[in-house]
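One letter stands for each residue in the lines below.
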Amino acid sequence: MQPKAADGLEALSPEPNPAASSRARKAIGAWLLTGAALVGLMVLVGGVTRLTGSGLSITHWDIVVGTLPPLTDAAWEVQFTRYQKTPQYHLLNSHMGIEDFKTIFWWEYIHRLIGRLMGLVFVIPFVVFVRKGWIDSGLGRRLSLIFLLGLAQGALGWYMVKSGLVDVPWVSPYRLAAHLGLAFVLLGLIWTTALNVLEGPAPGRSDRLLISLTGLVFLQVLFGGLVAGAKAGLVESSFPLMGGRLVPEGLFEQGLRGLLEQPVPLQFIHRTLGWLVLLSVIAVVAAPKKFPPVSRPTAIWLAAATGVQFLLGVLTVMNRVPLVLAVLHQGGAIWVFLSALTLTRRSRGSDAEAAREV
C-alpha cells in the first residue's frame, strides 16, 4: 500500500505514482488555463463595456442579489431610475429611454457575470483538488495569491465605477489603468502557474533583457488604460506623424501631470512605447543564438504577435477607434504580454546561458 502522498501531487512530482501525477498535472493545468481564458475574456468584454459607454449603467454592487438581471418591467424601472441619477445620464444620455438603457446595461451585466463565474470556476475545482491531495504547499500559496488578487480586482473595479457616479460622466483614467493593470498581473500569474504545472518548474534565472521587455509591454498596457480613460485615441488619426510633426507642439507645457492626463501627450507616449516594444522585440528575436531550441518558436511567436498588435494599433488610431479594431487591439495586448512571459520563462536556465555564450 502506497503512502498517501503518492496519490497526490506533492511538489508536483511524478516519482511516487506517474499515472496519478500526470492526471493531476493535466487537470490542474486545464483548470488554470480555463481561468486565464476567463480573465482574458473579462478584459475583452471590459473593453467593449468601456467603448459602448456601458460601464456606469449599473450603479450598485450587489454581489449575490445582482447575479440575476432584472426579470420584470418593475425591476427594469428600478435600475433605470437609479441610472437617471448619475452624471452620465444627465450630461450625456438624457435622451435615453428604457430600451436604450437595456443595451448598455447588458454589457456591464455580462462583464460582472463573468467575474462571478470566475469565482466559481476557481473555488469549486480548488476544493476538489485539495480533497484529492493534489495541491502541495507551494502551489497552494500561489493559488491563494491568485484568489486574493481576484478579490482585489473585483473591489478595484467597483472603486473605478464609483469615480464616475458622483461629479463626472466617466471613470477616472488612473483607476481604469490600475484596473486593467491588475487584470494583466492576475492573468500573468495564472498563466505562469499553469506553465509551471504543465511543463515543470523552470531552472535557473530569467534573462534580464527579457524581464525588461516584459516590463516594457506591461508599461504599454498601463498607458493603454490611460489613453482609453482620457479618450486620447480620438485626438489624432494621422500616422506616423501627429499633426504633421514628429513631436506634437507644446508636449511638455503642462508638466508631468499633463503628460499623464492630456489626450495629445498620452497618445504620443503610447505611440512611442509601441515603437519601443516593436523595435525591442525585433532586436531580441533577431539576436543570433539568443535562445535555446526549445524557446526559439516562442520567440518567433512573440515577434508575430507584436507585429500584428502594432498594425492593429495603427489601424485603430487611423480609423478613430472603431469598436471591432479597438477590441482586437486589446486582445493583441494579451497575446503579446503572454508571449513575452512565456519566452522569459522558457529561456531560463543553463541551456539559455550556454546558447548565449556560443
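What comes next is a walk through the structure. (Residues numbered from 1 in each chain as written. Predicted model: local features only at pLDDT ≥ 70, side-chain atom pairs only at ≥ 80, totals over all residues. Heavy atoms only, no water.)

Another aspect to go through is the pattern of salt bridges. As enumerated under the stated definition, the model contains five salt bridges in all. With its nearest N and O atoms 2.5 Å apart, the salt bridge here joins arginine 346 to glutamate 199. Taken together, the residues arginine 346 in helix α11 (residues 323–346) and glutamate 199 in helix α6 (residues 173–199) connect sequence positions 147 residues apart. Taking relative accessible area as the criterion, glutamate 199 reaches 40% and is therefore assigned partly exposed. As a salt-bridge pair, arginine 257 and glutamate 261 come within 3.0 Å of each other at their nearest N and O atoms. Of the two residues, arginine 257 and glutamate 261 are both situated in helix α8 (residues 255–261); the distance of four residues between them amounts to about one turn of the helix. The class for glutamate 261 is partly exposed, based on a relative accessible area of 27%. Among the ionic contacts, a cluster of salt bridges with common partners joins Glu199, Arg345 and Arg346. (Salt bridge = Lys/Arg side-chain N within 4 Å of Asp/Glu carboxyl O. Helix = DSSP H or I, 4+ residues; strand = E, 2+ residues; numbered from the N terminus. Buried < 20%, exposed > 50% of the residue type's maximum accessible area, 1.4 Å probe, protein only.)

With that settled, consider the side chain of serine 339. Among the structural elements, serine 339 can be located in helix α11. With a relative accessible area of 4%, serine 339 lands in the buried category. Setting aside anything within four residues of it in sequence, one finds serine 339 in contact with Thr298, Trp301, Leu302 and Ala305. (Contact = heavy atoms within 4.5 Å.)

The contact between α6 and helix α7 (residues 208–229) brings their axes to 8 Å, and the two run at 145°. Crossing angle aside, the handedness with which α6 passes α7 is right-handed. Each of Pro173, Tyr174, Leu176, Ala177, Leu180, Gly181, Phe184 and Val185 in α6 lies in contact with α7, whose residues at this interface are Phe218, Val221, Leu222, Gly225, Leu226, Ala228 and Gly229. Among the residues making up the contact of α6 with α7, the classes are represented as twelve nonpolar, three polar and no charged. (Axes fitted to C-alpha atoms, helices over the stretch in contact; angles between N-to-C directions. Left-handed = near helix turned anticlockwise from the far one by under 90°. Nonpolar A, V, L, I, M, F, W, Y, C, P; charged D, E, K, R; others polar.)

Grouped together as the largest cluster of nonpolar side chains are 66 residues, with contacts concentrated most on Ile28, Trp31, Leu32, Leu143 and Phe184. Elements represented by at least two residues in this core include exactly α1 (18–51), α4 (98–132), α5 (137–162), α6, α7, α9 (263–286), α10 (296–318) and α11. Looking at this core, the element that brings in the most residues is α6, giving eleven residues. When sequence neighbours within four positions are dropped, the list of residues in contact with leucine 32 reads Leu143, Ile190, Thr193, Ala194 and Val197. Residues Ile58, Trp76, Tyr83 and Phe105 belong to the second largest nonpolar core, which totals ten residues. (Core = buried A, V, L, I, M, F, W, Y, C linked by side-chain atoms within 4.5 Å.)

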